[in-house]
Amino acid sequence: MFIMKRAALILLAVSPSSRLAAQSGSVPPETRTYFIAADNVSWDYVPGGRDEITGQPYADTAFFAKGKPRPVSTVYKKVLYREYTDSTFRTLKPRPAEWQHLGFLGPLIRGVVGDTIRVVFRNNAQRPYSIHPHGVFYQKSAEGVPYNDGTSGSDKADDGVAPGATFTYLWIVPDRAGPGPMDPSSVMWMYHSHVDEVRDINTGLFGPMIITARGKARPDGSPNDVDREIVASFMQVEEQSSWIENKPFGPGFTMDSLGALGPIANPHLQQDIYPWFVKFTINGFVHGSMPLADLTIKKGQRVRWYLMASTNDFDFHAPHWHGNTVVLNGMRTDVAQLAMMQMVSADMIPDDVGTWLFHCHVSFHNEEGMAVRYRVTP
Ligand SMILES: [Cu+2]
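Note that the structure is a prediction, hence the values are computed from the model and not measured.

Student: It is not clear to me how the overall build of the chain should be interpreted in this structure. Could you clarify?
Tutor: The secondary structure content of the chain amounts to six helices and 20 strands. Within the span of the chain, comprising 378 residues, buried residues form 49% of the whole. Within the chain, counting contacts between residues at least 6 apart in sequence, those at least 24 apart form 76% of the total. Summed over all atoms, the accessible surface of the chain reaches about 16,800 Å², with 56% contributed by carbon and sulfur.

So, in structure tokens, the structure goes:
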């Protein structure tokens with residue numbers, strides 16, 4: 001007995017972090033390392049080929065039904081953040097089933113207040129990209145943005161990582177990166193490439209980071225008072241602003257080709273032109289194309305939804321859950337509001353079993369496909 005007690009004392013003496021953990025009742029602070037590359041990836045906005053909101057084979061919007069050209073493909077070339085198992089960047093880290101719904105978003109980065117986050121970033125693409133995080137603490141050497149900030153030398157290496165190069169970002173997670181007084185036990189921040197913020201994001205470099213309060217985390221960093229977490233990014237992806245020129249209407253067709261089509265009869269001109277190049281997506285899915293299995297939750301589960309929007313003009317959204325309600329900022333609702341790059345958390349305890357719509361309530365976003373389904377099982 002004496003020996004066991006002594007062993008415990010020695011352990012406490014040599015491990016200040018575990019002593020801190022014992023005092024706070026939380027997991028000890030740690031450095032969480034992620035290996036993330038910017039990869040060339042072909043992304044299909046309609047992977048199943050079906051409009052699962054109407055339950056019909058996928059067809060583009062009314063404009064194309066009037067004898068105009070139709071897209072030849074729903075597959076676009078993108079550059080996406082993808083997670084690898086180690087610094088060789090040879091093996092992709094499999095995405096767990098509960099995170100398949102992230103779609104074209106980057107991998108989930110987790111941290112607990114008190115941690116350090118270390119991201120080893122490899123640029124496998126054709127032009128400089130970076131990782132700029134929101135919320136966490138970074139010095140000028142790990143901000144991931146080039147601008148006239150009075151720095152030089154090694155403080156510039158993070159600004160844009162050259163094709164083929166690797167850079168390690170170090171971010172610490174102080175209290176002010178964790179939940180505030182009105183927040184639940186965890187909050188989401190976004191991260192994205194910021195060499196050219198608009199073009200980089202429309203190219204596809206955008207992802208989620210979840211920070212959990214100290215004392216409220218499981219060893220893996222997840223909040224210990226929820227059963228399931230879901231990230232939904234409402235984005236009007238402007239493919240014409242991507243660094244990669246896609247040709248959704250076949251070779252030779254560009255924005256300028258629109259003029260050659262002659263007058264457009266529909267008075268809702270914007271709505272007609274938008275879907276040529278702009279994708280109204282949730283996590284890269286349109287018209288219900290996110291597999292229902294990826295958004296299946298159970299009645300009575302404690303579900304935390306993290307919502308965010310993108311960077312383009314008028315990237316305003318109104319996510320609406322059918323069938324169930326949430327608590328957001330301490331208030332009850334079933335419609336959230338997102339302005340550009342806004343991030344919110346909402347807690348749901350589903351009580352209504354069924355397959356339900358989850359869509360943007362900006363009406364033309366909804367018409368253009370900003371909708372998925374989620375399922376509540378008994
Ligand atoms: Cu919207």
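What follows picks up the thread again.
Student: Explanation requested: the sheet that holds strand β7 (residues 132-133) in the structure shown.
Tutor: Taken in spatial order, the four strands line up as β5-β10-β9-β7 in an open sheet, and their pairing is mixed. Each of the sheet's edge strands pairs with one partner strand only, and the pair in question is β5 (109-112) and β7. The sheet contact formed by strand β9 (residues 186-192) and strand β10 (residues 206-212) spans seven bridges and is antiparallel. Bridging from a neighbouring strand, Met190 pairs with Pro208 of β10.

Student: Quick question: what am I supposed to make of the packing of aromatic side chains here?
Tutor: By convention here, two paired aromatic rings are described through the distance between centres and the angle between planes. For the structure on display, the rule yields 17 aromatic pairs. When the centroid spacing of 5.3 Å and the interplanar angle of 50 degrees are considered together, the rings of Tyr81 and Tyr191 count as tilted. One end of the pair, Tyr81, is in strand β4 (residues 75-84); the other, Tyr191, is in strand β9, with 110 residues separating them in the sequence. Across the pair, Tyr191 and Tyr81 agree in class, each one buried. Members of the aromatic cluster, joined through ring pairs, are Tyr81, Phe121, Phe167, Tyr169, Trp171 and Tyr191. Sitting above the plane of the Trp243 ring, Arg199 keeps its charged end 3.9 Å from the centroid. The side chain of Lys279 reaches across the aromatic face of Tyr45, ending 5.7 Å from its centre.

Student: What should I look at first to understand the confidence of the model for the chain in this one?
Tutor: The predicted coordinates of low-pLDDT regions are not to be read in fine detail. In this model, the chain carries a mean pLDDT of 88, and residues with pLDDT of at least 70 account for 82%. Scored below 50 in pLDDT, residues 1-23 makes eleven contacts in the model with residues more than four places away or belonging to other chains. This model gives residues 266-271 a pLDDT under 50, and the stretch forms seven contacts once residues within four places in sequence are excluded.

Student: Is there a simple way to explain the coordination of the copper ion in this structure?
Tutor: Tetrahedral metal sites with four donors have an ideal angle of 109.5 degrees; octahedral sites with six donors have ideal angles of 90 or 180 degrees. At this site the copper ion is bound by His317 (ND1), Cys360 (SG) and His365 (ND1), with donor distances of 2.0 to 2.1 Å. Expressed as a motif, the donor residue spacing for the copper ion is H-x42-C-x4-H. A residue pair is termed long-range when its members are at least 10 positions apart, and His317 in the loop between β14 (303-309) and β15 (319-321) and His365 in helix α6 (residues 363-367) qualify at 48 residues. For the pair shown, His317 and His365 are each scored as buried.

Rules and cut-offs
- Residues numbered from 1 in each chain as written.
- Predicted model: local features only at pLDDT ≥ 70, side-chain atom pairs only at ≥ 80, totals over all residues.
- Heavy atoms only, no water.
- Helix = DSSP H or I, 4+ residues; strand = E, 2+ residues; numbered from the N terminus.
- Buried < 20%, exposed > 50% of the residue type's maximum accessible area, 1.4 Å probe, protein only.
- Contact = heavy atoms within 4.5 Å.
- Areas by Shrake-Rupley, 256 points an atom, 1.4 Å probe, with all protein chains shown as cover.
- Pairing = 2+ DSSP bridges.
- Phe/Tyr/Trp six-rings, centres within 6.5 Å; stacked < 30°, edge-to-face > 60°.
- Lys NZ or Arg CZ within 6 Å of the ring centre and 35° of its normal.
- pLDDT = per-residue confidence, 0-100.
- Donors = N, O, S within 2.8 Å, 3.2 Å for Na, K, Ca; no water.

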